[in-house]
Amino acid sequence: MAMLRLAVIGAGLIGREHCTLIREHPGAELVGLADVSEDAASYAQGIRVPYYADYQQLLDDTKPDGVIVAVPNQLHVAAGGACLSRGIPCLVEKPIADTVPAARELVEAAETAGVPILVGHHRRHSPDIREARRIIEAGALGNLVAVNGMWMLDKPDNYFEAEWRRSPGGGPLLINLIHEIDCLRFIVGEIDSVRAFTSNAVRGFGVEDTATIALRFENGVLGSFLMSDAVASPYSWEVTSGQALYFPHQPGDCYFFGGRDGALAVPSMNLWRHDGAGKNWQDPLLRQHMPLDGSRTYRNQLDHFLAVVSGDVIPVVTARDGMMTLAATLAVETAAREDRTVTLAEMLS
Ligand SMILES: NC(=O)c1ccc[n+]([C@@H]2O[C@H](COP(=O)([O-])OP(=O)(O)OC[C@H]3O[C@@H](n4cnc5c(N)ncnc54)[C@H](O)[C@@H]3O)[C@@H](O)[C@H]2O)c1
């Protein structure tokens, strides 16, 4: 495997995880990082990687084969654009941008330049999410009818010391729900419209702490999703999959897919179907465990990004795909705020 030279823009929480993954990968080399903070400068010195305060300088000096953009959401378009203008493929962390018009700017720049962007919706690389899609596409549930999901965790008080996490745009819809929306789009199909209620009753901040969402997919499937960052529970992909970077693994489920012929719980990967002649509600269901491949989500994402950089594959989450996930997530926010049904078409118009 040829050694690919990667750089990282933004060495904060997730940027440093990317640095570690790159440094551990036999096919990649971390040639530099850019960040405006002194703490990141010390970090770069500690791992003996060239440090730049200015990411344009990083790109011009190191001429990397690929770049991971992990700066705050509002800076994704500028940093991604700097890579594209130099013809450098990049992995832009989620959300692709903070607004749909900003996302569209990056989508059009990438498509015009013919330079790939992979959006960092890492769960697309997770064995459970990939297998759920494969099982449903293979018809194991028959025609899909409905889906239900949950994301309920209790964020610590110090998480909210950062003012932006208490202000509009910094709540769990844009930070956490966006992952759920992306998974549902990937497994079920494109979202047509949404309704939602939100509440800030637990913390009283300017952002929601709890939300309930109703979804209608273009293929007619109906869905519901319940989320809260103020509930002590294991019901989240992070905890039940054991695939997230900073959470303990407590096996269980966070998604339930229902079809005419069966149901699938994810990530336990329990598939329920009738066995035998009777196929109605009083006939027994048989549980079958569908095995996973044992691969690791973030490592898979990096493997995929290296293949994108090499030109071997197109991104599994293109910039346009990332924009659609952002639009559907913002539709939930609008639906709750305005107490009405919001369509994806409206968000994109
Ligand atoms: N996919 C995931 O698992 C995941 C997890 C966490 C965060 N994220 C996303 O990654 C991004 C970063 O989140 P985070 O939690 O690491 O944030 P963070 O605040 O910990 O890190 C952001 C870093 O960017 C640096 N920065 C700010 N302005 C800069 C500039 N102009 N040039 C260079 N560096 C600059 C900051 O100094 C900071 O070190 C966000 O978009 C977030 O949504 C993704």
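Above this text you will find the structure in question.
Please read these numbers as outputs of a predicted model, since none were measured by experiment.

Student: Just checking my understanding: could you explain the overall build of the protein chain for this structure?
Tutor: Check the secondary structure of the protein chain and you find 11 helices and 15 strands. Scaling as 2.2 N^0.38, a compact globule of 349 residues should have a C-alpha radius of gyration of about 20 Å, and the protein chain matches this with 21 Å. Along the first, second and third principal axes, the C-alpha atoms of the protein chain reach 70 × 50 × 40 Å. Residues classed as buried in the protein chain amount to 54% of the 349 residues present. For the protein chain, restricting intrachain contacts to residue pairs at least 6 apart in sequence, the fraction spanning at least 24 positions comes to 66%. Summed over all atoms, the accessible surface of the protein chain reaches about 15600 Å², with 52% contributed by carbon and sulfur. Where the 29 positive side-chain charges of the protein chain centre and where its 43 negative ones centre are 3 Å apart.

Student: Help me out: how do you make sense of the site of the ligand in this one?
Tutor: Around the ligand, 22 residues are found, and the nearest of them are Asp-35, Asn-73, His-76, Lys-94 and Tyr-298. Separating an oxygen atom of the ligand from a side-chain N or O atom of Asn-73 is a distance of 2.6 Å. One of the side-chain N or O atoms of Glu-93 is found 3.0 Å from a nitrogen atom in the ligand. About the coverage of the ligand: the protein hides 78% of its 840 Å² of free accessible area. Its residues assigned to classes, the shell around the ligand comprises 12 nonpolar, 7 polar and 3 charged.

Student: Sorry, what's going on with the packing of aromatic side chains here?
Tutor: Here a ring pair, both rings aromatic, is described through the centre-centre distance and the interplanar angle of the planes. Inspection of the entire model under this criterion finds 5 aromatic pairs. Seen in terms of ring centroids, Tyr-159 and Phe-160 are 5.0 Å apart; in terms of plane orientation they differ by 70 degrees. Their pairing is edge-to-face. Overall, Tyr-159 belongs to the buried group, its relative accessible area being 17%. In this structure Phe-160 comes out as buried when scored by relative accessible area, which is 6%.

Student: Quick question: what am I supposed to make of the nonpolar core here?
Tutor: Soluble globular proteins: nonpolar side chains tend toward being buried together. Within the largest apolar cluster, 110 residues are counted, with the highest numbers of intra-cluster contacts made by Leu-33, Val-67, Ile-117, Tyr-255 and Phe-257. Take this core: its biggest share by element is 11 residues, from helix α10 (residues 319-338). Residue contributions to this core reach at least three from each of two domains, namely domain 1 (4-115) and domain 2 (124-293 + 327-348). When residues no more than four places from it in sequence are discounted, the contact partners of Val-67 are Ala-7, Ile-9, Leu-59, Cys-83, Ile-88, Pro-89, Cys-90, Leu-91 and Phe-305.

Student: Is there a simple way to explain the pairing of strand β8 (residues 191-199) in this structure?
Tutor: Consecutive side chains along a regular strand alternate between the two faces of the sheet. Here β8 runs beside strand β9 (residues 210-217); their pairing, made up of 8 bridges, is antiparallel. Residue pairing across strands places Thr-198 opposite Ala-211, the latter belonging to β9. Of the strand pairs in this sheet, β8 and strand β15 (residues 342-343) are connected by 2 bridges, and their pairing is antiparallel. By the bridge assignment, Ser-193 is partnered in β15 with Thr-343.

Student: Explain the pattern of salt bridges to me, please; I cannot follow it from the model alone.
Tutor: Here the idea is simple: oppositely charged side chains can pair when their charged atoms come close. Using the criterion set out here, one finds 22 salt bridges in the structure. Two residues, Glu-238 and Arg-123, come together in a salt bridge whose shortest N-O distance is 3.6 Å. With Glu-238 in helix α8 (residues 237-241) and Arg-123 in the loop between β6 (117-119) and α6 (127-137), this residue pair connects regions lying 115 residues apart in the sequence. Comparing Glu-238 with Arg-123, the two get one shared label, buried. Residues Asp-293 and Arg-130 are paired through a salt bridge, measuring 3.4 Å at the closest nitrogen-oxygen approach. Pair noted here: Asp-293 is in the loop between β14 (285-289) and α9 (297-310) and Arg-130 is in helix α6, with a separation of 163 residues, a long-range link. Residue classification places Arg-130 among the partly exposed residues on the basis of a relative accessible area of 33%.

The rules behind the values
Residues numbered from 1 in each chain as written. Predicted model: local features only at pLDDT ≥ 70, side-chain atom pairs only at ≥ 80, totals over all residues. Heavy atoms only, no water. Helix = DSSP H or I, 4+ residues; strand = E, 2+ residues; numbered from the N terminus. Rg over C-alpha atoms; globule rule 2.2 N^0.38 Å. Buried < 20%, exposed > 50% of the residue type's maximum accessible area, 1.4 Å probe, protein only. Contact = heavy atoms within 4.5 Å. Areas by Shrake-Rupley, 256 points an atom, 1.4 Å probe, with all protein chains shown as cover. Lys, Arg positive; Asp, Glu negative; His and termini not counted. Charge placed at Lys NZ, Arg CZ, Asp CG, Glu CD. Near = heavy atom within 4 Å. Polar contact = N/O pair within 3.5 Å; in protein donor to acceptor, adjacent residues only side chain to side chain. Nonpolar A, V, L, I, M, F, W, Y, C, P; charged D, E, K, R; others polar. Phe/Tyr/Trp six-rings, centres within 6.5 Å; stacked < 30°, edge-to-face > 60°. Core = buried A, V, L, I, M, F, W, Y, C linked by side-chain atoms within 4.5 Å. Domains from an automatic or database assignment. Pairing = 2+ DSSP bridges. Salt bridge = Lys/Arg side-chain N within 4 Å of Asp/Glu carboxyl O.

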